[in-house]
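Listed below, chain by chain, are the residues.
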Amino acid sequence: MSVLSKPLERLVAQQLLKYLNDAKLLPKLQSAYRAHHSTETAVLKVLADILRALDSGDLAMLTLLDRSAAFDMVDHGTLIRRLEKSYGLRGHVLRWFSSYINGRTQSVRCGPGRSTPLFLMCGVPQGSVLGPILFPLYTADLLPLIERHALLPHLYADDTQILGFCSPPRTASLQEAMSI
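Residues numbered from 1 in each chain as written. Predicted model: local features only at pLDDT ≥ 70, side-chain atom pairs only at ≥ 80, totals over all residues. Heavy atoms only, no water.

Colleague: A description of the overall build of the protein chain should follow, citing residues and the corresponding values.
Modeller: Scanning the protein chain for helices and strands turns up 7 helices and 8 strands. In terms of overall dimensions, the protein chain has C-alpha extents of about 60 × 40 × 25 Å along its principal axes. Counting every position in the protein chain, which comprises 180 residues, the buried fraction comes to 35%. Summarising the internal contacts of the protein chain: among those between residues at least 6 apart in sequence, 68% fall at separations of at least 24. (Helix = DSSP H or I, 4+ residues; strand = E, 2+ residues; numbered from the N terminus. Buried < 20%, exposed > 50% of the residue type's maximum accessible area, 1.4 Å probe, protein only. Contact = heavy atoms within 4.5 Å.)

In structure tokens, the structure reads:
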């Protein structure tokens with residue numbers, strides 16, 4: 001990332017976050033990269049849900065997913081469609097994000113040598129200010145998918161916690177829901 005692009009990205013990030021916060025479009029169960037939604041809040045939410053289930057006599061099952069290299073796997077077309085359909089970005093704004101995401105190249109520098117640049121077909125820019133904001137918007141549809149299976153999700157950066165609980169006789173159905 002160019003050093004000159006950082007101030008522009010910060011301005012865009014401030015405006016985007018203000019818009020998303022004002023319109024209440026940020027996923028409620030997504031921690032990281034936003035004020036008052038830290039590692040601590042994520043851990044406390046998941047722990048409180050587990051303790052509440054145990055206090056009521058239920059069993060709890062927690063699945064932890066770590067999507068390694070997740071920021072590199074963001075499909076550009078899907079992200080742009082999501083910014084338009086789910087978050088209402090249109091016109092010049094959507095075209096700016098499209099130009100920001102698409103047409104990027106990457107190369108490797110080792111000593112004085114440098115590899116041939118390759119076009120990136122997916123991923124958000126590494127070391128960018130906007131990447132950590134765009135990734136949660138890209139993965140937000142995971143929350144309702146998990147909830148449809150009567151499970152409690154919580155996303156933190158590229159990690160996902162999926163919590164399920166049930167009465168002791170329903171353990172098999174909980175295991176089945178968790179394995180889907």
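Here the narrative resumes.
Colleague: I'd like a description of the pairing of strand E7 (residues 152-156), backed by residues and values.
Modeller: Bridge analysis of strand E1 (residues 30-31) against E7 gives 2 bridges, and the strand direction is parallel. The residue of E7 that forms the bridge with Gln30 is Leu155. The pairing of E7 with strand E8 (residues 159-166) spans 5 bridges and is classified as antiparallel. When the bridges of E8 are listed, Pro153 appears paired with Ile162. The turn linking E7 back onto E8 is made up of 2 residues, and Ala157 within it adopts a positive phi angle of 55°. (Pairing = 2+ DSSP bridges.)

Colleague: Any chance you could break down helix H4 (residues 91-101) for me, citing the residues and the numbers?
Modeller: Given 3.6 residues per helical turn, the α-helix brings residues three or four places apart onto the same face. Every buried residue of H4 is accounted for by Leu94, Phe97, Tyr100 and Ile101. For H4, the angular spread of buried residues about the axis comes to 120°, placing them on one side. Exposed residues on H4 whose side chains face more than 90 degrees from its buried face are His92, Arg95 and Ser99. Where H4 ends, the next residue or the one after it, Gly103, has phi of about 80°, a positive value. (Arc of directions from axis to C-beta.)

Colleague: Tell me about the pattern of salt bridges, residues and numbers included.
Modeller: Under the criterion given, the structure shown has 4 salt bridges. Between Arg52 and Asp49 there is a salt bridge, and its shortest N-O distance comes to 2.9 Å. Highlighted residues: Arg52 and Asp49, both in helix H2 (residues 39-55), separated by 3 residues, approximately one helical turn. Among the ionic pairs, Arg82 bridges to Asp141, the shortest N-O distance being 3.1 Å. Here Arg82, found in helix H3 (residues 76-85), pairs with Asp141, found in the loop between helix H5 (131-139) and helix H6 (142-147); they are 59 residues apart in sequence, far enough to count as distant. Residue classification places Arg82 among the buried residues on the basis of a relative accessible area of 17%. (Salt bridge = Lys/Arg side-chain N within 4 Å of Asp/Glu carboxyl O.)

Colleague: Got a sec to walk through the confidence of the model for the protein chain? Specific residues and values, please.
Modeller: Of the residues in the protein chain, 98% reach a pLDDT of 70 or more, and the chain-wide mean stands at 89. By mean pLDDT, E1 is the weakest element of the protein chain at 76, and H3 is the strongest at 96. (pLDDT = per-residue confidence, 0-100.)

Colleague: I'd like a rundown of the nonpolar core, residues and numbers included.
Modeller: One recurring pattern in soluble globular proteins is that nonpolar side chains are buried together. Counting 24 residues, the largest nonpolar core has Leu16, Leu79, Leu83, Phe97, Leu130, Leu134 and Leu137 as the members making the most contacts within it. If you list the elements that add at least two residues to this core, you get helix H1 (5-22), H3, H4 and H5. Sorting elements by how many residues they give to this core places H5 first, with 5 residues. If near-sequence neighbours (up to four positions away) are discounted, Leu134 is found in contact with Leu16, Leu79, Leu83, Phe97, Tyr100, Ile101 and Val124. (Core = buried A, V, L, I, M, F, W, Y, C linked by side-chain atoms within 4.5 Å.)

Colleague: Go over unusual backbone geometry with me, naming the residues and quoting the values.
Modeller: With phi around 55°, Lys24 is a residue other than glycine that occupies positive phi space. With phi around 60°, Ala150 is a residue other than glycine that occupies positive phi space. Turning to its location among the elements, Ala150 is positioned in the loop between H6 and E7.

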